[in-house]
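Summary of the model geometry
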Amino acid sequence: MKTSLFLYNSFSRIKEVFKPLDKKNIRMYVCGPTVYDRAHIGNARPVLVFDILFRLLRYLYGEDNVTYVRNITDIDDKINAKALQSGVNIESITEETIEWFHKDMDFLGALRPNYEPRATAYVSQMIEMITKLTSLSFAYPTEDGHVFFEVERFADYGRLSNKKLGELNEGVRIENEDSKRNPLDFVLWKPSTNEEPGWDSPWGKGRPGWHIECSAMAKDILGEQFDIHGGGIDLIFPHHENEIAQSTCSNDMKKFANFWLHNGFLKIEGEKMSKSLNNFLTVFDLIKRDFSASAIRYNMLSTHYRQPLDWKFERLAEAEKTLIKWNNKKESRNEVDLPKQVLNALLDDINTPLSIYEMHQLYKNEKFADLNKACAFFGFVPKGRKDHLPISPELSKKVNNLIKDRNNARLSKNFLLADKIREDLLGAGIIIKDSGQETTWELSTNLEIKKLKEL
Ligand code: AMP
Ligand code: ZN
């Protein structure tokens, strides 16, 4: 490794040198979308910020040595409410939203994480964790079918948000107060009516609370301890505070994530984004308005990830112009080898605005080859070009080769082999489409990077 990576750790509130637990398997978990509606550009901010960190970690430690997990929350009362109000069933809503999310984020050139676990597939692991928490008396069931985590039982509660229990108590919403021992105690499990989705459990038919989802999936895929946990700043309290409590207490008090990273919030033209202000902007809106993915990335990364970001269309137009200027000097963009100045900026807590400034300097000094390398790393590609790969260039090459093998097998009438290749690819989440002479492929909502690598 060239030099050290420094990251601001929200847990210690200082910049620390990043030391992986295992250099051969750097593990990162980022809280993903709740799937009931199209992603807005605020949702795209953590996706793009952690995409850069993912790329940086792969660059520093090797592509195969980084595991990135971003969950999909497909159990949530907002989803249930939407189903009720629209008359569309829950699964259709979540499937469609996941498909939109993938299309939008693929368009933005964000690499897919290695795993995208869905809450619905991990309910048994959640039940197991809750059972353990109750047996260790960190949690308690109530007569009405709830299970709550008892915050007073965890001495470190409030450490991430840097608040004492008393202070946290002031801002808390009071719900189910009757059955809770402390208003801050939070739901691990709640009962479901017949109309609501529910799973059998030791506490009756019900569904998990939101926080336990991430604790259970992170443990199952990354283990009890891992390197980096990320998400938007709004998740620090209560979501991440509660994840720490659940995971630490159910994993023999082992430290959960070593580093906590949080991106700041995004506003539009100086205002909070909201439907009532009529400035609510989805990623799809930007795509429809024909902004290039690169300009959106550029604009998103021109502000440091921890700062609030003010989304201004004027800046987006400037970004588009800059990229056209840079693209005129384009040679090959496949090579990813970062120029020193750009790398140094990234090593300092992912300082993307400084990296972009350094790229302007490279342009000024006519160091076009270096500029191109940096553009490749950032995923800045010429408008309209389809080289935004949701999977790495290596894997994409592999898919293309397998498709060639399949087409050759078909030509030599070895349909058994041809079908097998097609099935294998489908099993890994790659859908092959034949139209005339041409075969194209796209990703399904169930991409499994690990399976694909093994093909
Ligand atoms: P949600 O689907 O609401 O659970 O949010 C998914 C991710 O987007 C979380 O990491 C949030 O913190 C993040 N997020 C939501 N709104 C914004 C915003 N306006 N600016 C930045 N990040 C946001
Ligand atoms: Zn989470």
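Residues numbered from 1 in each chain as written. Chains lettered and ligands numbered in written order. Predicted model: local features only at pLDDT ≥ 70, side-chain atom pairs only at ≥ 80, totals over all residues. Heavy atoms only, no water.

1. Describing the coordination of the zinc ion (ligand 2)
Here is the rule we go by: Atoms of type N, O and S within 2.8 Å of a metal are treated as its donors, and for Na, K and Ca the window is 3.2 Å; water is not considered, so some sites may appear to be missing partners. Under this scheme a four-donor centre is tetrahedral when all angles range from 85 to 135 degrees, a four-donor centre is square planar and a six-donor centre octahedral when opposite donors are above 155 degrees with the rest from 65 to 115, and any other centre is irregular. To qualify as a helix, a DSSP run of H or I must reach at least 4 residues; to qualify as a strand, a run of E must reach at least 2; elements of each kind are numbered from the N terminus.
The coordination sphere of the zinc ion (ligand 2), as far as protein atoms go, consists of Cys31 (SG), Cys214 (SG), His239 (NE2) and Glu243 (OE), spread over 2.1 to 2.5 Å. For the zinc ion (ligand 2), the 4 donor atoms in the first shell make angles of 76 to 130 degrees at the metal, a pattern classed as irregular. When the donor residues of the zinc ion (ligand 2) are listed from N- to C-terminus, their spacing reads C-x182-C-x24-H-x3-E. Pair noted here: Cys31 is in the loop between β3 (26–30) and α1 (41–61) and Cys214 is in helix α6 (residues 210–222), with a separation of 183 residues, a long-range link.

2. Examining the pattern of salt bridges
Put simply, the rule is: Throughout this description, the term salt bridge denotes a Lys or Arg side-chain nitrogen within 4 Å of a carboxyl oxygen of Asp or Glu. Each residue gets one of three labels from its accessible area relative to the maximum for its type: buried under 20%, exposed over 50%, partly exposed in between, using a 1.4 Å probe on protein chains only.
If you walk through the whole model with that rule in mind, you get 27 salt bridges. Across the salt bridge formed by Asp104 and Arg38, the nearest N and O atoms sit 3.5 Å from each other. Of this pair, Asp104 sits in helix α3 (residues 90–107) while Arg38 sits in the loop between β3 and α1, and the two are 66 residues apart along the sequence. Here Asp104 matches Arg38 in class, with each residue buried.

3. Some thoughts on a negative patch on the surface
Formally: Surface patches are drawn from residues lacking salt bridges whose relative accessible area is over 30%; two like charges belong together within 9 Å, two nonpolar side chains (Val, Leu, Ile, Met, Phe, Trp, Tyr) within 5 Å. The protein chains shown are the only cover counted for residues, whose accessible areas, like all others here, come from Shrake-Rupley with a 1.4 Å probe. Within this scheme the basic residues Lys and Arg register as positive and the acidic residues Asp and Glu register as negative, but His and the chain ends are omitted. For charged residues, the charge sits on one atom: NZ in Lys, CZ in Arg, CG in Asp, CD in Glu.
Judged by side-chain charge, Glu269, Glu271, Glu314 and Glu318 come together as a negatively charged surface patch. Judged by its relative accessible area of 42%, Glu269 falls in the partly exposed class.

4. A short note on the nonpolar core
Put simply, the rule reads: Only buried residues count toward a nonpolar core. Its members are Ala, Val, Leu, Ile, Met, Phe, Trp, Tyr and Cys residues joined through side-chain atoms within 4.5 Å. The split of the chain into domains comes from an automatic or database domain assignment. In what follows, residue pairs with any heavy atoms lying within 4.5 Å of each other are defined as contacts.
One finds Leu57 and Trp311 to be the most contacted residues of the largest nonpolar core, which totals 67 residues. Here this core gets 14 residues from one element, more than from any other, and that element is α1. Both of domain 1 (6–266) and domain 2 (290–378) provide at least three residues apiece to this core. Leu57 has contacts with Leu5, Phe18, Ile26, Met28, Gly62, Val66 and Ile228, leaving out every residue within four places of it along the chain.

5. Quick notes on the packing of aromatic side chains
Definition in use: Only centres within 6.5 Å qualify two rings of Phe, Tyr or Trp (six-membered ring in Trp) as a pair; their planes then separate them into stacked at under 30 degrees, edge-to-face at over 60, and tilted for everything else. Look at NZ for Lys and CZ for Arg. If either is within 6 Å of the ring centre and within 35 degrees of the ring normal, a charge sits over the ring.
For the structure on display, the rule yields 18 aromatic pairs. An angle of 45 degrees between the planes, with centres 5.8 Å apart, marks the rings of Tyr140 and Phe148 as tilted. Residues Tyr140 and Phe148 agree in their burial class; the two are buried. Taken together, the aromatic side chains of Tyr59, Tyr298, Trp326, Phe377, Phe378 and Phe380 make up a single cluster linked through ring pairs. The lysine or arginine in question, Arg153, covers the ring of Phe138, its NZ or CZ lying 5.1 Å from the ring centre.

6. What about the site of ligand 1?
Going by this rule: A cutoff of 4 Å decides nearness: a residue is near a molecule or strand if any of its heavy atoms lies inside that distance of it. Counting of polar contacts relies on pairs of N or O atoms within 3.5 Å, with two restrictions inside protein: one atom must be capable of donating a hydrogen and the other of accepting it, and residues adjacent in sequence are counted only when both atoms are side-chain atoms. Only Asp, Glu, Lys and Arg are considered charged in this grouping, and only Ala, Val, Leu, Ile, Met, Phe, Trp, Tyr, Cys and Pro are considered nonpolar; every other residue, Gly among them, is considered polar.
Around ligand 1, 16 residues are found, and the nearest of them are Thr34, Gly42, Gly232, Asp234 and Leu266. The separation between an oxygen atom of ligand 1 and a polar side-chain atom of Asp234 is 2.4 Å. Interatomic distance of 2.9 Å between a backbone N/O atom of Leu266 and a nitrogen atom of ligand 1. Residue assignment for the shell around ligand 1 shows that the elements contributing at least two residues are α1 and β9 (226–232). Counting residues per element, the shell around ligand 1 draws most heavily on α1, at 3 residues. Here the residues of the shell around ligand 1 are counted per class, giving 6 nonpolar, 9 polar and 1 charged.

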